[in-house]
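# Architecture and fold: a report
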Amino acid sequence: MMSEIDKDINISVVIVYTNTEQLDEAVKYLERQTVFPSVELVLLDNREKRFLSAASALNYGAQQANGEVVVFMHQDVYLWDEKFLEKYYDVLHERPDVILGAAGVAKKDHLIYYDFCETKDRVFHSRTTNGELMQAVTLDECIFAMRKELWQKLKFDEETCDNWHFYGADICYNNLLNGGENIILSAQICHESKGHAYSQSFRRSLKQMIKKYKRKLKRMETTCINIKCNMFMYAVYSMVSRVKQTRRGKSK
C-alpha cells in the first residue's frame, strides 16, 4: 500500500510491517511531524511473507518512493520528536553522500550513541549526541535515512543480507568504502523491540558479512555486535552465542 499525500513530495518513509497495531501507532506519530504534508508513506504489507529479506523489501520500497529523502523505519518506532523528519531533511538536503541515523557506533570512541525509550513509559536510555552531527561507523537499523540518489548508487545487498539482519550495517560500510559518510543525529524516539544477537539467522548473516568484508575491515562494528572481522572470531562468537541461546531457551 502506498499513499501520496502531496504532489510536491520531499520525504518518503518506507515501513515494512507485519503488525497493524504497531503500524497504526507509528503512523499516528508520523502524522504529527511538522513536515507531514510533504511526507509520502510507502507501507509494505509483509504479513503473508511477500518479502523474504529486509534488503529486498527496502529496495522495492525505495524504488517506489518519490521523495528526495528516503527514511527507512521499523514498524515499532514512534517519533516523539515532532521535528524529527524536518531535522533529517535539512541535513540530507545539503549532504548527498550521507546516511543519517538516530543511533549508531561513533567513529571517535566506538561507543553506541542513541536516545531511545524501549517502552512507552518515557524512561529514556541514552548516550545522546545533544543535537550535534556525529561521524559513525554504522547506524542502527530501526530508523535511518538517505537521499534517494544515494540509495540508487548503493542499494541494499540482497545476496549477503538475505534475511532480516545486517542490511543497515552493510549499506553503511558500502557508503564508507565509496567515500560517503554515516552520521548519528540522536532524537527522542520509542523503539519497542529490543532484539537480540543470539539467533541462528543472525549468526548466518554475520558469517556472510565477515566473508564479504574480511579483507576490507578490521572489525565488524554494529549496535548489536563488535568483533574482529575474521572467521576465527566468528567461530568463537558463534560458539558462545549458541550456548547463550540454549540457556535462554531453558529459562523460559
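Residues numbered from 1 in each chain as written. Predicted model: local features only at pLDDT ≥ 70, side-chain atom pairs only at ≥ 80, totals over all residues. Heavy atoms only, no water.

## Here we look at the overall build of the protein chain
Within the protein chain, the regular secondary structure consists of 7 helices and 15 strands. Considering the protein chain as a whole, with its 252 residues, one finds that 52% of them fall into the buried category. Residue pairs at least 24 apart in sequence account for 79% of intrachain contacts in the protein chain once pairs closer than 6 positions are excluded. For the protein chain, the exposed area adds up to about 12300 Å²; of that, 47% sits on carbon and sulfur atoms. (Helix = DSSP H or I, 4+ residues; strand = E, 2+ residues; numbered from the N terminus. Buried < 20%, exposed > 50% of the residue type's maximum accessible area, 1.4 Å probe, protein only. Contact = heavy atoms within 4.5 Å. Areas by Shrake-Rupley, 256 points an atom, 1.4 Å probe, with all protein chains shown as cover.)

## Concerning the confidence of the model for the protein chain
On average, residues of the protein chain score 91 in pLDDT, and 89% of them are at 70 or above. The low-confidence segment residues 1-7 (pLDDT under 50) makes 17 contacts with residues lying over four places distant or belonging to another chain. (pLDDT = per-residue confidence, 0-100.)

## What to know about helix α2 (residues 54-64)
The buried fraction of α2 is high, at 8 of 11 residues. Listed as buried for α2 are A54, A55, S56, A57, L58, N59, G61 and A62. The inward-facing, buried residues of α2 abut β2 (11-17), β3 (39-45), β4 (69-73), α4 (148-154) and α5 (167-177).

## Comments concerning unusual backbone geometry
A positive phi is found at K155, a non-glycine position, where the angle reads about 55°. Relative to the helices and strands, K155 is located in the loop between α4 and α5. For F166, which is not glycine, the phi dihedral falls at a positive 70°. Overall, F166 belongs to the buried group, its relative accessible area being 4%.

## Here's the deal with the pattern of salt bridges
With the rule as written, the count across this model stands at 9 salt bridges. Put simply, D45 and R47 hold a salt bridge, and the shortest N to O gap is 2.6 Å. Judged by its relative accessible area of 47%, R47 is partly exposed. Sharing partners across several salt bridges, the network here consists of E68, R147 and E149. (Salt bridge = Lys/Arg side-chain N within 4 Å of Asp/Glu carboxyl O.)

## What to know about the packing of aromatic side chains
The tally for this structure, following the rule as stated, stands at 10 aromatic pairs. A ring pair is formed by F51 and Y60, whose centres lie 5.6 Å apart and whose planes are at 45°; its orientation type is tilted. Summarising the aromatic geometry, the rings of Y173 and Y213 are spaced 5.5 Å apart at their centres and angled 50° between planes, so their arrangement reads as tilted. With Y173 in helix α5 and Y213 in helix α6 (residues 200-213), this residue pair connects regions lying 40 residues apart in the sequence. We note that Y173, like Y213, is buried. One aromatic cluster is present, formed by F72, F144, F156 and Y167 through successive ring pairs. Positioned above the aromatic ring of Y29, the side-chain terminus of R32 is 4.9 Å from the ring centre. Against the face of Y60 rests R50, its NZ or CZ located 4.7 Å from the ring centre. (Phe/Tyr/Trp six-rings, centres within 6.5 Å; stacked < 30°, edge-to-face > 60°. Lys NZ or Arg CZ within 6 Å of the ring centre and 35° of its normal.)

## Quick word on the environment of E181
Relative to the helices and strands, E181 resides in strand β12 (residues 181-184). Look at E181 and you get partly exposed, because its relative accessible area is 22%. Each C-alpha atom of the pair E181 and T138 lies 9.7 Å from the other, and the pair is 43 residues apart in sequence. In contact with E181, not counting residues within four places along its chain, are R95, D97, V98, I99, Q135, N175 and L176. Within polar-contact distance, the side chain of E181 engages the side chain of R95 at 2.8 Å. (Polar contact = N/O pair within 3.5 Å; in protein donor to acceptor, adjacent residues only side chain to side chain.)

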